[in-house]
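# Examination of the molecular architecture
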Amino acid sequence: MTMHSEDLHPVAIPGYSGGPYTHHREFLDEHLFWLGHLHSCAGSEEAEELLFGPDYEASGEFHLQMNDTADWPTFTLALTAGHRFHIVCRTFEDDPGTDYLLHHPDWEQAELLAADEGHFMGPGLSWPELTAIAFNGQPGGSAADPHARLLLLLPALGDDDLPDDAPAILAPALADRTAVPDPGRLAELLLEGQGACGPAHWTTSDLGVRVNDGHYSFRNPANPFAPPPHRLAQVSAALTP
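This text gives an overview of the structure that appears in the document. Keep in mind that this is a model prediction, so the values were computed, not measured.

## Considerations on the packing of helix α5 (residues 146–153) against helix α6 (residues 166–177)
Interhelical geometry of α5 versus α6 gives an angle of 105 degrees and a closest axis separation of 9 Å. Relative to α6, the element α5 lies roughly perpendicular. The residues of α6 that touch α5, namely those facing His147, Ala148, Leu150 and Leu151, are Ile169, Leu170, Pro172, Ala173, Leu174, Asp176 and Arg177. Among the residues making up the contact of α5 with α6, the classes are represented as eight nonpolar, one polar and two charged.

This is the structure:
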């Protein structure tokens, strides 16, 4: 496998150290990339079998080579009002992971919303927020396809109040971007598991700030590592569907 980038323009993420970051749009067309990216969402043996099928070893080899690169593959999604959502694949040899960050040029720093790694932090997104980002139709960024955007964001999801049609929304993205034999069933299983921390309960304050009750979530104001209230309000406003 040859690693290359179709877009070498540097990515700036204030307040977040690492990199160098480069866009790798070609990964979005590689089904082996998606298998590893969605691994943490497969919370059961059946889900893992459906996700990986005969490609378990090939997917592992792909991600070993990806993590052996000097740069950090980054996907930037355009949101409304100039906000940007960054999905950063950390290629540390001993500590790989994927970070989910939200930023606006007027903010001093990007907000880390979730980290998909051995010490998972999240969830960072509710289902309405995730689908609003995926299907907002905003131009710009390094991932414009709604199906790719939905799958990129999925490991940051945690929501105990999914609509009945959620699997029907996820399944076409799996069918489009992966080679799994039963995307409908896999969609059901991935939404049952919802990552390392599982579903969380979301509420909205009188001031319109959206928070959850996840023990490892940056968007739970009860957690000592959560951002201060005014920054949680900024995040909520930026992600309001």
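## Examining α6
Between its first and last C-alpha, α6 extends 17 Å over 12 residues, near the 16 Å set by a 1.5 Å rise per residue. Of all the residues in α6, the buried ones are Ala166, Leu170, Ala171, Ala173, Leu174 and Arg177. All buried residues of α6 lie within an arc of 170 degrees about the axis, which places them on one face of the element. Looking at the buried residues of α6, the elements they touch are α1 (31–37), α4 (127–134), α5 and α7 (183–193).

## Some details on the state of the cysteines
In the structure shown here, the tally under the stated rule is zero disulfides. Just so you know, Cys89 is unpaired, no disulfide at all, and the nearest cysteine sulfur is the one on Cys41, 13 Å from it. Given a relative accessible area of 3%, Cys89 falls into the buried group.

## Some details on the sheet that holds strand β1 (residues 21–23)
Overall, mixed pairing links the five strands, which are arranged β1-β2-β3-β4-β5 in an open sheet. Every interior strand has two partners, whereas the edge strands, β1 and β5 (111–116), have only one. Adjacent strand axes in the sheet meet at a mean angle of 30 degrees, parallel and antiparallel pairs treated alike. Where strand β4 (residues 97–103) lies against β5, five bridges are found, and the strand directions are antiparallel. Opposite Thr98, over in β5, you have Asp116 as the bridge partner. Where α5 meets the sheet, it contacts β2 (72–78), β3 (84–90) and β4, and its direction lies at approximately 120 degrees from that of β2. Sheet strands in contact with helix α8 (residues 229–239) are β3, β4 and β5, and its direction is about 75 degrees off that of β5.

## Describing the packing of aromatic side chains
Per the stated rule, a full pass over the model turns up nine aromatic pairs. Consider the rings of Tyr16 and Tyr21, whose centres lie 6.0 Å apart with planes at 25 degrees: the pair is stacked. There is no split in this pair, since Tyr16 and Tyr21 are both buried. Both rings, one in Phe33 and one in Phe75, keep their centres 5.7 Å apart while their planes meet at 50 degrees; by these two values the pair is tilted. Residue Phe33 is located in helix α1, and its partner Phe75 is located in strand β2; the two are separated by 42 residues in the primary sequence. Given the relative accessible area of 1%, Phe33 is considered buried. Among the aromatic residues, ring-to-ring pairing joins Phe27, Phe33, Trp34, Phe62 and Phe75 into one connected group.

Cut-offs used in this document
Residues numbered from 1 in each chain as written. Predicted model: local features only at pLDDT ≥ 70, side-chain atom pairs only at ≥ 80, totals over all residues. Heavy atoms only, no water. Axes fitted to C-alpha atoms, helices over the stretch in contact; angles between N-to-C directions. Helix = DSSP H or I, 4+ residues; strand = E, 2+ residues; numbered from the N terminus. Parallel < 35°, antiparallel > 145°, perpendicular 65-115°, else oblique. Contact = heavy atoms within 4.5 Å. Nonpolar A, V, L, I, M, F, W, Y, C, P; charged D, E, K, R; others polar. Expected span 1.5 Å × (residues − 1). Buried < 20%, exposed > 50% of the residue type's maximum accessible area, 1.4 Å probe, protein only. Arc of directions from axis to C-beta. Disulfide = S-S within 2.5 Å. Pairing = 2+ DSSP bridges. Phe/Tyr/Trp six-rings, centres within 6.5 Å; stacked < 30°, edge-to-face > 60°.

In short, the description is geometric, and any link to function would need to be established separately.
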